[in-house]
Amino acid sequence: MSEPIGRPFTYHRHQLAKTYADGLLGVSLMDFRSGLFLTAPRRTGKSTFLREDLVPELDRRNILPVYVDLWADRSADPSRLIADAIRAAFRAVEGTGSKLIRATRIKKISAPGGFSVDLDTIGQPSGTTLTDALGELVKRSGRLVCLVVDEAQHAVTTDNGINAMHALKAARDALTMGEAGRRLALVFTGSHRDKLGALVRNRTEPFFGAQILDFPLLGRPYTDEFTAWVNVRLAADNRFDPDDVWGAFEVLGRRPEQLAALLTSLALSEEKASGLRGALAGRAVVLRESAWQEFDVQFDALTPIQQAVLRQVLTDGQKFSPFGAETLTVYAARVRQKVSKGGVQAALEVLRDKNLLWRSAHGTYAPEDQALVEWHESRFAQPVTASTDGPVGTTPG
């Protein structure tokens with residue numbers, strides 16, 4: 001059912017939120033008590049679901065949700081953003097109503113036994129540990145705490161961020177044992193599986209062995225409800241066909257913002273929506289192509305070695321080994337000359353500066369935007385291998 005005309009469109013996924021909440025509590029076949037890790041491409045509705053559905057569902061179950069988006073301020077160290085979210089939760093718990101203004105000025109919270117939480121030093125080397133802070137937050141609120149970290153892969157771009165993830169793992173373990181029972185739940189989301197995998201893939205990572213789940217993309221029920229909401233606002237002879245809208249949505253990678261932009265532009269144009277029946281997917285292709293053309297421009301501005309390195313990252317995914325002998329041979333086949341490790345390193349730095357590649361603090365690389373993978377598949381159907389143009393030698397860096 002569509003929303004009343006006077007309200008903005010909101011699509012809720014209550015059942016999915018209940019499923020995840022059940023898993024976090026350990027009362028379903030899917031057990032997420034050790035942590036819930038979800039991945040989906042950027043701009044597919046993941047963050048909206050967390051804020052509009054999962055967080056309210058946790059709250060309804062008397063779980064205290066602490067939400068933090070590590071992309072909210074990309075210039076800030078992720079560890080600081082996590083500490084800020086915990087500080088805000090403390091102040092919200094300590095202050096309600098008229099007390100809230102005074103609570104925003106609280107610097108230190110005293111606890112029995114002479115222990116105190118210094119809010120300004122949470123997570124810092126010489127300050128209050130995340131375990132102590134979260135443990136006290138549990139006591140103060142009287143609720144199980146669930147820390148929801150959106151775009152969690154950003155944490156592994158700095159040493160402090162990695163340390164914060166290890167600290168959260170330690171806090172989870174500490175707040176699971178003892179007579180009080182389990183008191184901390186964790187949810188981590190990421191816009192790229194390989195990036196989020198930096199938290200779970202290796203034995204040295206904080207959540208080694210955890211399973212990463214694909215977050216379900218929005219489906220036909222979403223487009224049907226959105227189409228109904230849009231059509232109520234259009235003249236009776238100028239309405240979109242639900243089948244056409246669904247087809248366009250699939251072309252756009254199931255990205256709600258892009259679909260809304262497409263329908264808005266058409267609704268405001270001189271063309272009637274009813275006259276576009278059967279052609280909406282084609283318009284979506286044009287919109288998608290215009291976005292990919294931006295990648296074309298960026299790619300064409302790169303040097304041959306930078307292009308070769310970027311293509312190999314997009315081809316190999318998490319198996320990418322920038323300086324491996326076989327990879328160096330592939331670079332050389334693409335640029336038709338010898339390639340040094342130093343040249344590869346310089347190319348990687350340029351690609352990071354241009355926000356085309358992401359790098360973890362441990363040196364793994366991934367595309368900054370998952371849409372780059374889709375663009376690459378559309379532009380380069382067949383990957384280049386070392387034998388494509390015959391063997392070409394490489395020189396060590």
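Residues numbered from 1 in each chain as written. Predicted model: local features only at pLDDT ≥ 70, side-chain atom pairs only at ≥ 80, totals over all residues. Heavy atoms only, no water.

### Considerations on the overall build of the protein
Within the protein one finds 15 helices and 9 strands. Looking at the protein as a whole, 46% of its 397 residues qualify as buried. Sequence-distant contacts, at least 24 apart, represent 68% of the contacts inside the protein between residues at least 6 apart. (Helix = DSSP H or I, 4+ residues; strand = E, 2+ residues; numbered from the N terminus. Buried < 20%, exposed > 50% of the residue type's maximum accessible area, 1.4 Å probe, protein only. Contact = heavy atoms within 4.5 Å.)

### Things to note about unusual backbone geometry
Backbone geometry at Asn 62 places phi at a positive 65°, although glycine is not the residue there. Within the secondary structure, Asn 62 is located in the loop between helix H2 (46-60) and strand E2 (63-69). Of note in the backbone geometry, Arg 254 takes a positive phi value of approximately 60° without being a glycine. Secondary-structure assignment places Arg 254 in the loop between helix H9 (242-251) and helix H10 (256-267).

### Looking at helix H6 (residues 159-174)
Residue pairs three or four apart in sequence face the same way in an α-helix, which turns once every 3.6 residues. When the terminal C-alpha atoms of H6 are compared, their 22 Å separation across 16 residues agrees well with the 22 Å that a helix rising 1.5 Å per residue should span. Residues Gly 161, Ile 162, Ala 164, Met 165, Leu 168, Ala 171 and Arg 172 constitute the buried set of H6. Here the buried face of H6 lies against helix H3 (78-94), helix H5 (130-141), strand E5 (144-150) and strand E6 (184-190). (Expected span 1.5 Å × (residues − 1).)

### Here we look at the side chain of Thr 223
Its place among the elements puts Thr 223 in helix H8 (residues 220-232). Here Thr 223 is in contact with Val 245, Trp 246, Phe 249 and Leu 259, once residues within four sequence places are set aside.

### Quick word on the sheet that holds E6
A sheet is described by the order of its strands in space; here 5 strands give the open sequence E2-E5-E6-E1-E7, paired in parallel fashion. Among the strands making up the open sheet, the edge pair consists of E2 and strand E7 (212-214). Across the sheet, the axes of successive neighbouring strands diverge by a mean angle of 20°, strand direction being ignored. In terms of strand pairing, strand E1 (residues 36-39) meets E7 through 3 bridges, oriented parallel. Within the sheet, the bridge partner assigned to Leu 38 lies in E7 and is Leu 213. Lying over the sheet, H2 contacts E2, E5 and E6, oriented at roughly 160° with respect to E2. (Pairing = 2+ DSSP bridges. Axes fitted to C-alpha atoms, helices over the stretch in contact; angles between N-to-C directions.)

### Here we look at the packing of aromatic side chains
Under the counting rule described, the total for this entry stands at 19 aromatic pairs. Centroid distance Phe 320 to Tyr 365: 6.3 Å. Interplanar angle 85°. Geometry classified as edge-to-face. Here Tyr 365 lies in strand E9 (residues 365-367) and Phe 320 lies in the loop between helix H12 (304-316) and helix H13 (325-335), a separation of 45 residues in the sequence. On the basis of relative accessibility, which here comes to 10%, the residue Phe 320 falls in the buried class. The exposure class assigned to Tyr 365 is buried, which follows from its relative accessible area of 9%. In this structure an aromatic cluster arises from ring pairing among Phe 9, Tyr 11, Tyr 222, Phe 226, Trp 229, Trp 246 and Phe 249. If you follow Arg 74 out to its NZ or CZ, it ends over the ring of Trp 71, 3.8 Å from the centre. The ring of Trp 229 carries the charged tip of Arg 233 above its face, separated from the ring centre by 3.9 Å. (Phe/Tyr/Trp six-rings, centres within 6.5 Å; stacked < 30°, edge-to-face > 60°. Lys NZ or Arg CZ within 6 Å of the ring centre and 35° of its normal.)

### Describing the pairing of E5
Within E5, 7 of the 7 residues are buried, which leaves the element mostly enclosed by the surrounding structure. Inspection of the sheet shows E2 paired to E5 by 7 bridges, in the parallel sense. What sits directly across from Pro 65, in E5, is Cys 146. Summarising the sheet, E5 and E6 pair through 5 bridges and their orientation is parallel. Paired with Val 149 across the two strands is Phe 188, which belongs to E6.

### Notes on the packing of H9 against H10
Running from N to C, H9 and H10 cross one another at 130°; their axes reach a closest spacing of 9 Å. On the basis of the axis angle, H9 is oblique to H10. Helix-helix and strand crossings are classified by hand; for H9 and H10 the assignment is right-handed. Between H9 and H10, the contacting residues are Val 245, Ala 248 and Phe 249 on the first element and Pro 256, Leu 259, Leu 262 and Leu 263 on the second. (Parallel < 35°, antiparallel > 145°, perpendicular 65-115°, else oblique. Left-handed = near helix turned anticlockwise from the far one by under 90°.)

### Points about the nonpolar core
Counting residues in hydrophobic clusters, the biggest one holds 45 residues, and the most contacted among them are Ile 82, Phe 90, Ile 122, Leu 134, Leu 168 and Phe 188. Only E2, H3, H5, E5, H6 and E6 provide two or more residues apiece to this core. By residue number, the principal contributor to this core is H3, which donates 7 residues. Each residue touching Ile 82, except ones within four places of it in the same chain, is listed here: Val 68, Leu 70, Leu 147, Ala 164, Met 165 and Leu 168. (Core = buried A, V, L, I, M, F, W, Y, C linked by side-chain atoms within 4.5 Å.)

### Structural notes on the confidence of the model for the protein
Atomic detail in the predicted coordinates should be set aside for any region of low pLDDT. Of all residues in the protein, 86% have pLDDT values of 70 or greater, and the mean over the chain is 87. In this model residues 383-397 is a low-confidence stretch, pLDDT under 50, and it forms 31 contacts with partners more than four residues away in sequence or in other chains. (pLDDT = per-residue confidence, 0-100.)

### Focus on helix H15 (residues 371-379)
Ala 371, Leu 372, Val 373, Trp 375 and His 376 are the residues of H15 that are buried. Of the surrounding elements, those touching the buried residues of H15 are helix H11 (280-300), H12 and E9.

### Quick word on the pairing of E1
Neither face of E1 is left uncovered, since the one carrying Leu 36 and Leu 38 and the one carrying Phe 37 and Thr 39 both have all their residues buried. Here 4 bridges tie E1 to E6, and the two strands are oriented parallel to one another. From the neighbouring strand, Leu 38 faces E6, where its bridge partner is Thr 189.

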